[in-house]
Amino acid sequence: MRKRELMTGLLLAGLVCSSALGAGPRPRMVTAKTELAIRKGLAFLAKSQHKRGSWSGGTGYGATYEAAMTGLAGVALLSSGNTPTRGPYAQNIKRAIYWTLSQQGRTGLICSRAEESRSMYGHGFSTLFLAESVGMVGSKKLESRIKVALQRAIKLTEGAQSPLGGWIYTPSGRSDEGSVTVTQVQALRACQNAGVQVSKAMIEKSFNYLKKAKTADGGIAYRASPTGRASGSGRPALTAAALTCLFSAGKYNDALTKSTLKYCLARYKGMLGGGRRFGHFYYTHLYLAEALYQHGGKTWQDYYPRIRDWLLKNQREDGSWQGDSVGLVYGTSIALTILQLPYGYLPVVQK
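Given the structure is predicted, the values throughout are model-derived calculations rather than measurements.

Chemist: Go over the overall build of the protein chain, please, and point to the residues and values.
Modeler: A count of helical and extended segments in the protein chain gives 13 helices and zero strands. The secondary structure elements of the protein chain, listed N-terminal to C-terminal, are α-α-α-α-α-α-α-α-α-α-α-α-α. By the burial criterion, 57% of the 351 residues in the protein chain qualify as buried. Of the accessible surface of the protein chain, which amounts to about 14900 Å², a share of 52% is contributed by carbon and sulfur atoms.

See below:
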């Protein structure tokens, strides 16, 4: 037996005996090879974290945006069942929390200096990460500090909302586009779940924005239209992201939810790498996986093995994934979040 095969066998045996992802049997459709891939990916993230607690890396556009990368990586670690007080990556999560808190400015915006031109991405992913961790920190003092930070973050988000109800790259942009908007909506939902008050009017305005971004084919366009019907064709990435937000808000029977779900179901097999490729593959599947996980049933049972096998096939030797040419931290964080959905550790995607 070759050395690599021997090591793989030993790792698989270790997974059967004791899973760092949680006690008890593996969830349905999560194989031993899947857990091995997850473990390797988590180890890569831990090794890639800066001593100060943040993540960055890669040469693609946005890869050096530390707040965004740290938010994504932090959520991936939380998705494994690790918390700031429990699990082999507890200290990694705790350092990420403190670093994220340190990046909040006097306005409430959370971002690093390098990403100021696209600061609302970092703000959204950071807010989501802090909101998902708030009930797990094991310290009343730290929990209070996080909630105060979230309140300030929400206030910034509310002030940055455009007249149409969406968000753009910077707080002062007074405009909107779909990818920034869904990042804020999911973060606000996580804040609500964490018991931090969010304006109902702001949430409803954001959903009205998504309705105005609907296209004739049932998808979601890059930008909403003041007339209520966006021109052109829907974008798979933005439609999947919008569907996740609608499910997270409990809008399972809304007309917009039904149309976006129909759009995604008609296209998702083509989104798995077969036929014509499209941009933002990892971004699309992050939200598509979260949406179909919440939808459940046969749709999820058909989808998960497909994306699971694609991700296992495309994992690098060091445990990482190269995502959308953005970088390894980005791709690995998204891949891990998708693969770990069956464990049910992420509150924002639970029904």
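Okay, back to it.
Chemist: Go over the packing of aromatic side chains, please, and point to the residues and values.
Modeler: On inspection of all chains with the given rule, the structure shows 10 aromatic pairs. On the basis of an interplanar angle of 35° and a centroid distance of 6.2 Å, the ring pair of Trp300 and Tyr303 is categorised as tilted. In this pair, Trp300 and Tyr303 both sit in helix α12 (residues 297-313), three residues apart, roughly one turn of the helix. Comparing Trp300 with Tyr303, the two get one shared label, buried. When the centroid spacing of 5.1 Å and the interplanar angle of 40° are considered together, the rings of Trp300 and Tyr304 count as tilted. With Trp300 and Tyr304 both in helix α12, this residue pair falls four residues apart, about one helical turn. Note on Tyr304: relative accessible area 0%, which makes it buried. One aromatic cluster is present, formed by Tyr293, Trp300, Tyr303 and Tyr304 through successive ring pairs. If you follow Arg118 out to its NZ or CZ, it ends over the ring of Tyr169, 4.0 Å from the centre. A cation sits over an aromatic face here: Arg267 above Tyr263, 3.7 Å from the ring centre.

Chemist: I'd like a description of the side chain of Ser259, backed by residues and values.
Modeler: Within the secondary structure, Ser259 sits in helix α10 (residues 255-267). For Ser259, a relative accessible area of 14% translates into the label buried. At 2.9 Å, the side chain of Ser259 and the backbone oxygen of Leu256 are in polar contact. Beyond its immediate stretch of four places on either side in the chain, Ser259 contacts Lys214 and Gly218.

Chemist: Go over the pattern of salt bridges, please, and point to the residues and values.
Modeler: A complete count under the given rule lists six salt bridges for this structure. The closest approach of N and O atoms between Arg52 and Glu66, which form a salt bridge, is 2.9 Å. Here Glu66 lies in helix α3 (residues 66-78) and Arg52 lies in the loop between α2 (32-48) and α3, a separation of 14 residues in the sequence. A salt bridge links Asp309 to Arg308; the nearest nitrogen and oxygen atoms lie 2.9 Å apart. A residue is classified by how much of its surface remains accessible, and Arg308, at 12% relative accessible area, is buried.

Chemist: Residue-level account of unusual backbone geometry, with values.
Modeler: Residues apart from glycine generally show negative phi values, whereas peptide bonds are mostly found in trans. For Met29, which is not glycine, the phi dihedral falls at a positive 80°. Relative to the helices and strands, Met29 resides in the loop between α1 (3-17) and α2. In this structure Met29 comes out as buried when scored by relative accessible area, which is 17%. Even without being a glycine, Ser325 presents a positive backbone phi close to 60°. Accessibility expressed as a relative area gives 60% for Ser325, which makes it exposed.

Chemist: So what's going on with helix α8 (residues 200-212)? Residues and values would help.
Modeler: Along its 13 residues, α8 runs 19 Å from first to last C-alpha, staying within 8% of the 18 Å computed at 1.5 Å per residue. Of all the positions in α8, only Met202, Ile203, Ser206, Phe207, Tyr209 and Leu210 are classed as buried. Relative to the axis of α8, the buried residues are bounded by an arc of 150° and lie together on one face. With respect to the buried face of α8, the exposed residues turned more than 90 degrees away are Lys200 and Ala201. On its buried face, α8 sits against α6 (140-160), α7 (178-193), α9 (236-248) and α10. The N-cap residue of α8 is Ser199: its side-chain oxygen and the backbone nitrogen of Ala201 are 3.3 Å apart.

Chemist: Give a description of the environment of Leu288 that names residues and reports values.
Modeler: Note that Leu288 resides in helix α11 (residues 281-295). Judged by its relative accessible area of 0%, Leu288 is buried. With 47 residues separating them in the primary sequence, Leu288 and Ala241 have C-alpha atoms 6.8 Å apart. Leaving out residues up to four positions away in the same chain, Leu288 has contacts with Ala240, Cys264, Tyr268, Met271 and Tyr303.

Chemist: Hey, could you go over the nonpolar core for me, with residue numbers and the actual values?
Modeler: Among the nonpolar cores identified, the biggest contains 110 residues, and Leu45, Ile97, Ile146, Tyr282, Tyr303 and Leu311 are the most heavily contacted of them. In terms of residue count, the dominant contributor to this core is α11 (10 residues). If near-sequence neighbours (up to four positions away) are discounted, Tyr303 is found in contact with Tyr268, Leu272, His285, Leu288, Ala289 and Leu292.

Chemist: Now, about the packing of helix α4 (residues 90-102) against α6: what can you tell me, with residues and values included?
Modeler: The relative placement of two packed helices is expressed as an angle between their axes plus a distance between the axes. Relative to each other, α4 and α6 sit at 40°, their axes nearing to 11 Å. Our classification of the angle between α4 and α6 gives oblique. For α4 against α6, the interelement crossing comes out left-handed. Touching Ile97, Tyr98 and Leu101 of α4 are Leu142, Arg145, Ile146 and Ala149, all from α6. The residue makeup of the contact of α4 with α6, split by class, is six nonpolar, no polar and one charged.

Thresholds applied
Residues numbered from 1 in each chain as written. Predicted model: local features only at pLDDT ≥ 70, side-chain atom pairs only at ≥ 80, totals over all residues. Heavy atoms only, no water. Helix = DSSP H or I, 4+ residues; strand = E, 2+ residues; numbered from the N terminus. Buried < 20%, exposed > 50% of the residue type's maximum accessible area, 1.4 Å probe, protein only. Areas by Shrake-Rupley, 256 points an atom, 1.4 Å probe, with all protein chains shown as cover. Phe/Tyr/Trp six-rings, centres within 6.5 Å; stacked < 30°, edge-to-face > 60°. Lys NZ or Arg CZ within 6 Å of the ring centre and 35° of its normal. Polar contact = N/O pair within 3.5 Å; in protein donor to acceptor, adjacent residues only side chain to side chain. Contact = heavy atoms within 4.5 Å. Salt bridge = Lys/Arg side-chain N within 4 Å of Asp/Glu carboxyl O. Expected span 1.5 Å × (residues − 1). Arc of directions from axis to C-beta. Core = buried A, V, L, I, M, F, W, Y, C linked by side-chain atoms within 4.5 Å. Axes fitted to C-alpha atoms, helices over the stretch in contact; angles between N-to-C directions. Parallel < 35°, antiparallel > 145°, perpendicular 65-115°, else oblique. Left-handed = near helix turned anticlockwise from the far one by under 90°. Nonpolar A, V, L, I, M, F, W, Y, C, P; charged D, E, K, R; others polar.

So far we have only geometry, and geometry alone does not tell us how the molecule works.
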